[in-house]
Amino acid sequence: MCGIVGYLGKKDGIKSVLLGLKELEYRGYDSAGIAAIDIEGILIDKKVGRVSKLEKSLKKSSNKYSLAIGHTRWATHGKPTEANAHPHFNTSKNIFVVHNGIIENYQEIKDLLIKNGYKFESETDTEVVPHLIDYYYNKTNNLEKAFELTIKDLQGAYAIEMISTLSPRNIYIARLGSPLVIGNKNKEYFIASDPTAIIEQTNKVRFLEDYDIAIVSDKGLKVKNLRSNKDSKSNFELLEYVSEESSLGKFPNFMLKEIHDIPKTIETALKGRINVSKGTVKLGGLDSVIKQLEHIDRIIIIACGTSYYAGLVGEYLIEEIAGIPTEVQLASEFKYRNEPISRSTVVIAVSQSGETADTIAALKKVEEYGVLRLGVVNSIGSSIARMTDAGVYCHAGAEKAVASTKAFVAQTTVLALIALRLSKSKGLLNKKVIKELDKLPKLVEEILDSSDKIKTVANKYKNNKDFLYIGRGYNYPSALEGALKLKEISYIHAEGYAAGEMKHGPLALIDESFPTMAIATDSRLLDKVKSNIEEIKARKGPIITISTKGNRNISKLSDDNIFIPSTIEQLQPILVCVSLHLFSYYVAEGLGRDVDKPRNLAKSVTVE
Ligand code: G6P
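Computed from a predicted model, the values in this text were never measured in an experiment.

Calculation rules
Residues numbered from 1 in each chain as written. Predicted model: local features only at pLDDT ≥ 70, side-chain atom pairs only at ≥ 80, totals over all residues. Heavy atoms only, no water. Pairing = 2+ DSSP bridges. Helix = DSSP H or I, 4+ residues; strand = E, 2+ residues; numbered from the N terminus. Axes fitted to C-alpha atoms, helices over the stretch in contact; angles between N-to-C directions. Contact = heavy atoms within 4.5 Å. Parallel < 35°, antiparallel > 145°, perpendicular 65-115°, else oblique. Left-handed = near helix turned anticlockwise from the far one by under 90°. Phe/Tyr/Trp six-rings, centres within 6.5 Å; stacked < 30°, edge-to-face > 60°. Buried < 20%, exposed > 50% of the residue type's maximum accessible area, 1.4 Å probe, protein only. Lys NZ or Arg CZ within 6 Å of the ring centre and 35° of its normal. Near = heavy atom within 4 Å. Polar contact = N/O pair within 3.5 Å; in protein donor to acceptor, adjacent residues only side chain to side chain. Areas by Shrake-Rupley, 256 points an atom, 1.4 Å probe, with all protein chains shown as cover. Nonpolar A, V, L, I, M, F, W, Y, C, P; charged D, E, K, R; others polar. Domains from an automatic or database assignment. Buried area = accessible area lost by both parts, 1.4 Å probe. Salt bridge = Lys/Arg side-chain N within 4 Å of Asp/Glu carboxyl O. 1 Å grid on protein atoms, 1.4 Å probe; cavity = no way out; pocket = protein on both sides within 12 Å on 5 of 7 lines; lining within 4 Å. Points joined across faces, edges and corners; volume = space filled by probe spheres on them.

Things to note about the sheet that holds strand 26 (residues 543-548)
Reading across from one edge, 24-23-25-26-27 is the order of the five strands in this open sheet, with parallel pairing throughout. A single partner strand is all that each edge strand has here, and the edge strands are strand 24 (493-498) and strand 27 (560-564). Neighbour-to-neighbour, the strand axes of this sheet turn through a mean angle of 20°, independent of strand direction. In terms of strand pairing, strand 23 (residues 466-471) meets strand 25 (residues 516-520) through three bridges, oriented parallel. Looking at the pairing, Y469 lines up with M517 of strand 25. Contacts between helix 15 (residues 451-461) and the sheet are confined to strand 23, strand 26 and strand 27, with strand 27 contributing the most and set at about 150° to the helix. Contacting strand 23, strand 24 and strand 25, helix 16 (residues 475-490) runs over the sheet at an angle of about 175° to strand 24.

Section: the packing of helix 4 (residues 128-140) against helix 5 (residues 143-153)
Helix packing geometry: the angle between the two helix axes and the distance between the axes. Here helix 4 crosses helix 5 at 130°, and the two axes come no closer than 8 Å. With respect to their mutual orientation, helix 4 and helix 5 come out oblique. Crossing geometry of helix 4 relative to helix 5 is assigned as right-handed. Contacts from V129, L132, I133, Y136, Y137 and T140 of helix 4 reach helix 5 at L143, K145, A146, F147, L149, T150 and D153.

Some words on the packing of aromatic side chains
Tallied over the entire structure, the rule returns eleven aromatic pairs. For the pair Y316 and Y474, a centre-to-centre distance of 5.4 Å together with 45° between the ring planes defines the contact as tilted. Here the residue Y316 occupies a position in helix 9 (residues 305-322), and Y474 occupies one in the loop between strand 23 and helix 16, the gap between them amounting to 158 residues. Arranged with centres 6.2 Å apart and planes meeting at 65°, the rings of Y461 and F467 form a pair that is edge-to-face. You'll find Y461 and F467 in the same group, each marked buried. Following the ring pairs from residue to residue traces out a cluster consisting of Y461, F467, Y469 and F583. The side chain of K110 reaches across the aromatic face of F120, ending 5.0 Å from its centre. Stacked on the ring of F236, the Lys or Arg K204 has its end atom at 5.5 Å from the ring centre.

With respect to the site of the ligand
Taken together, 14 residues are adjacent to the ligand, and S307, S351, Q352, S353 and T356 come closest. A distance of 2.7 Å separates an oxygen atom of the ligand from a polar atom in the backbone of Q352. In this structure, T356 approaches the ligand through a side-chain N or O atom, which is 2.4 Å from an oxygen atom. In isolation the ligand offers 390 Å² of accessible surface; the protein chains occlude 91% of this area. In terms of residue count, helix 9 provides more of the shell around the ligand than any other element does, three residues in total. Per-class residue counts for the shell around the ligand are four nonpolar, eight polar and two charged.

With respect to the domain arrangement of the chain
The domain boundaries assigned to the chain delineate domain 1 (3-238), domain 2 (249-444) and domain 3 (450-597). When each unit is reduced to the centre of its C-alpha atoms, the spacing between domain 1 and domain 2 is 34 Å. Contacts between domain 1 and domain 2 engage nine residues on the former and seven residues on the latter. Across the domain 1 to domain 2 interface the summed buried area is about 680 Å²; carbon plus sulfur atoms make up 48%. Of all residues in domain 1, Y26, P179 and F207 bury the most surface against domain 2, accounting for 44% of the area lost on that side. At the surface where domain 1 touches domain 2, the tally comes to three salt bridges. Salt-bridge contacts for K400 lead to E23; the nearest nitrogen and oxygen are separated by 3.8 Å. Taken together, the links from domain 1 to domain 2 amount to one residue pair in polar contact (both at pLDDT 80 or more). Across the side of domain 1 that touches domain 2, the residue classes break down as three nonpolar, one polar and five charged.

What to know about the layout of surface pockets
In this approach the atoms are scanned with a rolling probe the size of a water molecule, which exposes any empty space left behind. As a volume, the second largest pocket reaches approximately 800 Å³. Looking at the second largest pocket, it is lined by 26 residues, and the ones nearest its centre are G177, D210, I360, A361 and K364. Of all elements in the fold, only strand 6 (95-103), strand 7 (156-164), strand 8 (170-176), helix 11 (357-367) and helix 12 (383-387) reach the threshold of two or more residues within the lining of the second largest pocket. Considering each element in turn, the lining of the second largest pocket owes the most residues, five residues, to helix 11. Here the lining of the second largest pocket is built from residues that sort into ten nonpolar, five polar and eleven charged.

A look at empty space enclosed by the protein
Under the counting rule described, the total for this entry stands at four cavities of 30 Å³ or more. Quantified by volume, the largest cavity comes out at close to 90 Å³. Together, 13 residues line the largest cavity, and R472, N475, T521, S523 and L525 are the ones closest to its centre. Secondary-structure elements contributing two or more residues to the lining of the largest cavity are strand 25 and helix 17 (526-537). Looking at side-chain class alone, the lining of the largest cavity contains six nonpolar, five polar and two charged residues.

Notes on the sheet that holds strand 5 (residues 88-89)
Spatially, 5-6-7-8-12-13-14 is the arrangement adopted by the seven strands of the open sheet, whose pairing is antiparallel. Every interior strand has two partners, whereas the edge strands, strand 5 and strand 14 (230-232), have only one. Across three bridges, strand 13 (residues 220-225) lies against strand 14 in antiparallel orientation. Bridge pairing in strand 14 links K224 to D231. Contacting strand 5, strand 6 and strand 7, helix 4 crosses the sheet at an angle of about 125° to strand 6.

In structure tokens, the structure reads:
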């Protein structure tokens, strides 16, 4: 799950590549590197750490280099070291490669190359690629052929760029299972793992498909598909581009900014989609498939991480509001399961980035079943947005912090809208949900205004080593999401549990040093949650509750309490999770963590 970029033109390639790398840092940030060629020679620079470190080092070079490739890494094979950072090269240092993905048969290739006298400097899977190109070049004396033969030998997932002094005005590119986009502006070409990295430079783009190999040169773009063995048209499309506010403004980091974006995020997700007085929902993205949706009898939601928890809330919403049996599956599990799926099933992929490898693989798996595939995606033009039959965009804007906050809220809001759109009844519940959805931005503002109180509670508990989160019904997913968020950014061990499961194991963990965050908002299941709280208290476990404003009975039960404004239980996960996101944020901040870029993680998980 790395980010790759490239530039070919007449201008400053280093500047363009650095610009792209900074945008792609969400894909990995343990090391970064660049290779560039022009008449002055070759430049290669790699640094362990962030792109800013590479940038600082590159400032020493006065040359602009009109051909360059760059990489920001999230380590899969080998530790984050300079030797393992990309670009990788052959022994003669005239072939340079950056790669996103995993070469599954790299050991086999490495063994063959070693037998042929090749020497390796890194522990990566990628290093086999430049050596294999070199191997084939020595046999064919044709770089294009050598690149193609190499790509045909690779198994796994990859987005690859190669440059070489043997052909210094070409960038060779290949894609299988990892996204790649090529941008064009007059005689300049920009290559990147996703459009966000180049959109500031051009919105004229061409997405590559699986098995495509391409050459970008001063003569233009040439694309060939290795599966069909045919040249593909190099038609560029214009991407709809909305300039985003990418600066932090008054906020110290993106996570806090994005939590504060949430009222606006909900407004945008609802805009033009709900009619409060009529109690109706309109989702343009589903219009083309609405007839098919009338005949479905099962929904499978597939997702990973926080998107999976949004999917779980969606499951409760769709079942209750639309009455359609729904289940949520982790994409990484779903893709390897052999379960019967009938054609009257709809698969909904939920993904912020639209690039998560497991979710993409799960969608590909159901291709042959002929089922309708919908997307609930945030990133416009992303792989999932393009491969699904229809869908509803979240419109949350760019989410930069690794831990998802506003995108989770947008996904949950959109899933509520889908539930309403699929509902055949226009009954009381539907009207109530629409009315309450409309109020949500204001209610989130109230929570944001009470941030100081949440911060005080977070500071009191920040040195605890473990945490349990419990909830029931709609707030069972909230408990899971709350625990995940604490783990992700504070590195404190946290588990989310269905409150009713406490007696089946987790209760054994409870003592004075093991706090529980109990979600005890007003709902049909509140009395049951209260009993669970009593059981924890009886074992001396500290209790923090999240309760509905005005319900003093709950705050009396707990050591500390966080209020959320009153709303219907179907929409409580949104308010509860905003509070839990703030709680995790303040714990992590109090511990001095890098909240936007937690250790070992990446924003977009583009390898399985
Ligand atoms: C990573 C991110 C999470 C995200 C998950 C799924 O783990 O750090 O924030 O929820 O991937 O990503 P997606 O883009 O598919 O929602």
